[in-house]
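Structural characterization, general
Residue strings, one per chain:
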Amino acid sequence: MAKLIIRCYNVGMKLLMHTCCAPCSVYCIDSLRAEGVEPTVFWYNPNIHPYMEYKARRDCLKDYCKKIEVESIFIEEYGLDEFCRNVVSDIPGRCVNYCYKKRLTECVRYAAKNGYDAFTTTLLVSPYQKHEELVKACEELSALSGIEFLYRDFRVGFRDGQAKAREMGMYMQKYCGCIFSEEERYKKQIEKDLKNSDVVVGCGVSGF
Ligand code: SF4
(Lines give C-alpha, C1' and ligand atoms only; values in the text may rest on other atoms or scores of the structure.)
Protein backbone atom coordinates (compact mmCIF):
# COMPACT_ATOMS: atom_id res chain seq x y z
CA MET A 1 0.00 0.00 0.00
CA ALA A 2 2.78 2.43 0.96
CA LYS A 3 4.64 1.59 -2.26
CA LEU A 4 1.54 2.41 -4.32
CA ILE A 5 1.31 5.88 -2.73
CA ILE A 6 4.96 6.60 -3.57
CA ARG A 7 4.45 5.54 -7.18
CA CYS A 8 1.39 7.75 -7.60
CA TYR A 9 3.22 10.72 -6.11
CA ASN A 10 6.11 10.53 -8.55
CA VAL A 11 4.25 9.67 -11.77
CA GLY A 12 4.82 12.39 -14.34
CA MET A 13 7.76 13.91 -12.46
CA LYS A 14 10.24 15.60 -14.80
CA LEU A 15 13.47 14.00 -13.67
CA LEU A 16 17.01 14.70 -14.88
CA MET A 17 19.34 11.81 -14.12
CA HIS A 18 23.06 12.43 -14.16
CA THR A 19 24.39 9.29 -15.84
CA CYS A 20 27.95 8.04 -15.55
CA CYS A 21 27.72 5.13 -18.02
CA ALA A 22 25.33 2.71 -19.70
CA PRO A 23 25.84 -0.33 -17.42
CA CYS A 24 25.09 1.72 -14.29
CA SER A 25 22.02 3.22 -15.94
CA VAL A 26 20.35 -0.14 -16.59
CA TYR A 27 18.93 -0.79 -13.13
CA CYS A 28 18.29 2.91 -12.43
CA ILE A 29 16.17 3.37 -15.54
CA ASP A 30 14.36 0.05 -15.12
CA SER A 31 13.43 0.74 -11.51
CA LEU A 32 12.38 4.34 -12.15
CA ARG A 33 10.22 3.26 -15.06
CA ALA A 34 8.65 0.62 -12.82
CA GLU A 35 7.66 3.48 -10.50
CA GLY A 36 6.13 5.42 -13.37
CA VAL A 37 8.98 7.95 -13.55
CA GLU A 38 10.54 8.55 -16.96
CA PRO A 39 14.06 9.95 -16.47
CA THR A 40 16.02 12.08 -18.90
CA VAL A 41 19.57 10.77 -19.13
CA PHE A 42 22.17 13.52 -18.62
CA TRP A 43 25.75 12.79 -19.67
CA TYR A 44 28.40 15.10 -18.24
CA ASN A 45 31.57 13.30 -17.17
CA PRO A 46 34.81 15.23 -17.73
CA ASN A 47 36.36 12.95 -15.11
CA ILE A 48 36.72 10.04 -17.54
CA HIS A 49 40.19 9.55 -19.00
CA PRO A 50 41.89 8.89 -21.34
CA TYR A 51 39.88 10.04 -24.35
CA MET A 52 39.27 6.62 -25.92
CA GLU A 53 37.77 5.47 -22.63
CA TYR A 54 35.56 8.57 -22.49
CA LYS A 55 34.42 7.90 -26.06
CA ALA A 56 33.72 4.20 -25.46
CA ARG A 57 31.51 4.92 -22.43
CA ARG A 58 29.73 7.83 -24.08
CA ASP A 59 29.01 5.96 -27.31
CA CYS A 60 27.77 2.90 -25.45
CA LEU A 61 25.34 5.08 -23.50
CA LYS A 62 24.18 6.83 -26.70
CA ASP A 63 23.40 3.46 -28.29
CA TYR A 64 21.58 2.24 -25.21
CA CYS A 65 19.46 5.40 -24.94
CA LYS A 66 18.38 4.96 -28.56
CA LYS A 67 17.66 1.29 -28.03
CA ILE A 68 15.39 1.77 -25.02
CA GLU A 69 13.99 5.10 -26.30
CA VAL A 70 14.88 7.20 -23.31
CA GLU A 71 15.35 10.94 -23.74
CA SER A 72 18.99 11.97 -23.38
CA ILE A 73 21.22 15.02 -23.22
CA PHE A 74 24.96 14.81 -23.84
CA ILE A 75 27.13 17.68 -22.64
CA GLU A 76 30.55 17.11 -24.15
CA GLU A 77 33.59 18.04 -22.12
CA TYR A 78 36.77 16.05 -22.08
CA GLY A 79 38.84 17.50 -19.28
CA LEU A 80 42.06 15.70 -18.39
CA ASP A 81 44.09 18.89 -17.80
CA GLU A 82 41.43 20.68 -15.81
CA PHE A 83 40.59 17.62 -13.77
CA CYS A 84 44.21 16.96 -12.83
CA ARG A 85 44.83 20.61 -11.96
CA ASN A 86 41.85 20.57 -9.59
CA VAL A 87 42.62 17.35 -7.75
CA VAL A 88 46.39 17.18 -7.70
CA SER A 89 46.70 18.72 -4.24
CA ASP A 90 44.03 16.42 -2.77
CA ILE A 91 44.09 13.09 -4.59
CA PRO A 92 42.57 11.04 -1.70
CA GLY A 93 39.68 13.53 -1.37
CA ARG A 94 39.09 14.03 -5.07
CA CYS A 95 35.75 12.19 -5.34
CA VAL A 96 33.98 14.10 -2.59
CA ASN A 97 35.74 17.46 -2.81
CA TYR A 98 35.75 17.83 -6.57
CA CYS A 99 34.43 15.10 -8.85
CA TYR A 100 30.90 14.58 -7.48
CA LYS A 101 30.33 18.31 -7.09
CA LYS A 102 31.65 19.17 -10.55
CA ARG A 103 29.34 16.73 -12.33
CA LEU A 104 26.26 17.14 -10.19
CA THR A 105 26.45 20.94 -10.24
CA GLU A 106 26.25 20.85 -14.04
CA CYS A 107 23.28 18.51 -13.84
CA VAL A 108 21.42 20.70 -11.34
CA ARG A 109 22.21 23.84 -13.33
CA TYR A 110 20.74 22.26 -16.45
CA ALA A 111 17.71 21.02 -14.50
CA ALA A 112 17.02 24.49 -13.10
CA LYS A 113 17.35 26.17 -16.50
CA ASN A 114 15.13 23.69 -18.26
CA GLY A 115 12.19 23.24 -15.93
CA TYR A 116 12.96 19.88 -14.33
CA ASP A 117 11.24 19.01 -11.04
CA ALA A 118 14.02 16.84 -9.68
CA PHE A 119 17.44 15.32 -10.26
CA THR A 120 19.22 12.13 -9.32
CA THR A 121 22.36 10.23 -10.32
CA THR A 122 23.35 6.74 -11.43
CA LEU A 123 26.35 7.05 -9.11
CA LEU A 124 23.91 5.94 -6.40
CA VAL A 125 23.88 2.43 -7.90
CA SER A 126 27.54 1.70 -7.30
CA PRO A 127 28.68 0.06 -4.07
CA TYR A 128 32.15 1.39 -4.95
CA GLN A 129 31.16 5.05 -4.62
CA LYS A 130 31.13 6.97 -1.35
CA HIS A 131 27.38 6.73 -1.01
CA GLU A 132 26.77 8.87 2.09
CA GLU A 133 29.02 11.69 0.88
CA LEU A 134 27.34 11.54 -2.51
CA VAL A 135 23.89 11.87 -0.93
CA LYS A 136 25.15 14.80 1.14
CA ALA A 137 26.47 16.56 -1.99
CA CYS A 138 23.11 16.05 -3.72
CA GLU A 139 21.19 17.36 -0.72
CA GLU A 140 23.38 20.46 -0.55
CA LEU A 141 22.88 21.17 -4.24
CA SER A 142 19.15 20.66 -3.82
CA ALA A 143 19.01 23.16 -0.95
CA LEU A 144 20.98 25.72 -2.98
CA SER A 145 19.01 25.34 -6.21
CA GLY A 146 15.51 24.48 -5.02
CA ILE A 147 15.51 21.44 -7.35
CA GLU A 148 14.32 18.33 -5.54
CA PHE A 149 16.83 15.50 -5.11
CA LEU A 150 15.16 12.17 -5.83
CA TYR A 151 17.04 9.75 -3.61
CA ARG A 152 16.96 6.06 -4.35
CA ASP A 153 19.36 3.50 -2.95
CA PHE A 154 19.89 1.90 -6.35
CA ARG A 155 22.67 -0.29 -4.92
CA VAL A 156 20.16 -3.11 -4.35
CA GLY A 157 20.05 -3.59 -8.11
CA PHE A 158 23.74 -3.17 -8.92
CA ARG A 159 24.55 -6.85 -9.60
CA ASP A 160 21.38 -7.45 -11.64
CA GLY A 161 21.96 -4.31 -13.67
CA GLN A 162 25.56 -5.25 -14.41
CA ALA A 163 24.54 -8.79 -15.39
CA LYS A 164 21.90 -7.45 -17.77
CA ALA A 165 24.44 -5.02 -19.25
CA ARG A 166 26.86 -7.89 -19.87
CA GLU A 167 24.14 -9.96 -21.51
CA MET A 168 23.39 -7.05 -23.82
CA GLY A 169 27.07 -6.88 -24.81
CA MET A 170 27.66 -3.41 -23.43
CA TYR A 171 31.11 -1.93 -23.02
CA MET A 172 32.04 -2.70 -19.40
CA GLN A 173 34.65 -0.37 -17.97
CA LYS A 174 37.36 -1.64 -15.66
CA TYR A 175 37.76 1.41 -13.43
CA CYS A 176 35.77 4.35 -12.11
CA GLY A 177 36.93 7.03 -14.54
CA CYS A 178 39.93 9.19 -13.71
CA ILE A 179 43.53 8.14 -14.28
CA PHE A 180 44.01 7.87 -10.51
CA SER A 181 41.23 5.30 -10.29
CA GLU A 182 42.84 3.39 -13.14
CA GLU A 183 46.07 3.23 -11.15
CA GLU A 184 44.15 2.04 -8.06
CA ARG A 185 42.38 -0.62 -10.12
CA TYR A 186 45.69 -2.07 -11.29
CA LYS A 187 47.65 -1.43 -8.09
CA LYS A 188 48.36 -5.11 -7.36
CA GLN A 189 49.22 -5.79 -10.98
CA ILE A 190 51.61 -2.82 -11.08
CA GLU A 191 53.34 -3.94 -7.89
CA LYS A 192 53.62 -7.51 -9.17
CA ASP A 193 54.95 -6.43 -12.55
CA LEU A 194 57.53 -4.09 -11.04
CA LYS A 195 58.67 -6.79 -8.61
CA ASN A 196 59.09 -9.37 -11.36
CA SER A 197 60.50 -7.00 -13.93
CA ASP A 198 64.08 -7.46 -15.06
CA VAL A 199 64.16 -3.91 -16.40
CA VAL A 200 66.37 -1.64 -14.31
CA VAL A 201 64.37 1.48 -13.48
CA GLY A 202 66.15 4.85 -13.30
CA CYS A 203 69.44 3.71 -14.78
CA GLY A 204 70.10 7.21 -16.14
CA VAL A 205 70.66 6.43 -19.81
CA SER A 206 72.24 9.47 -21.37
CA GLY A 207 69.89 11.55 -23.54
CA PHE A 208 66.64 10.49 -21.82
S1 SF4 B 1 37.56 7.72 -8.62
FE2 SF4 B 1 35.71 8.11 -9.87
S3 SF4 B 1 34.43 9.45 -8.61
FE4 SF4 B 1 36.50 9.51 -7.76
S5 SF4 B 1 37.51 11.24 -8.75
FE6 SF4 B 1 38.00 9.46 -9.98
S7 SF4 B 1 36.42 9.40 -11.55
FE8 SF4 B 1 35.68 10.77 -9.94
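Residues numbered from 1 in each chain as written. Predicted model: local features only at pLDDT ≥ 70, side-chain atom pairs only at ≥ 80, totals over all residues.

Here we take up the pairing of strand β1 (residues 15-18). The side chains of a regular strand alternate between both faces of the sheet. Neither face of β1 is exposed, since Leu15 and Met17 on one face and Leu16 and His18 on the opposite face are all buried. Alignment of β1 against strand β2 (residues 39-43), held across four bridges, turns out to be parallel. Residue Leu15 lies in a different strand from β2, and its bridge partner there is Pro39. Handedness of the β-α-β unit built from β1, helix α2 (residues 22-35) and β2 comes out right-handed. Judged from the four bridges that link them, β1 and strand β4 (residues 118-121) form a sheet pairing that is parallel. By the bridge assignment, Leu16 is partnered in β4 with Phe119. (Buried ≥ 20, exposed ≤ 12 C-beta atoms within 10 Å, placed from the backbone. Helix = DSSP H or I, 4+ residues; strand = E, 2+ residues; numbered from the N terminus. Pairing = 2+ DSSP bridges. Right-handed = clockwise from strand over helix to strand, strands pointing away.)

Okay, the sheet that holds strand β5 (residues 148-149) next. The parallel open sheet is built from five strands, whose spatial order is β3-β2-β1-β4-β5. Of all strands in the sheet, those bounded by a partner on one side alone are β3 (72-74) and β5. Judged from the two bridges that link them, β4 and β5 form a sheet pairing that is parallel. Directly across from Ala118, in β5, lies its bridge partner Glu148. The strands touched by helix α5 (residues 94-113) are β1, β2 and β4; relative to β1, the strand with the most contacts, the crossing angle is about 160°. (Contact = placed C-beta atoms within 7 Å. Axes fitted to C-alpha atoms, helices over the stretch in contact; angles between N-to-C directions.)

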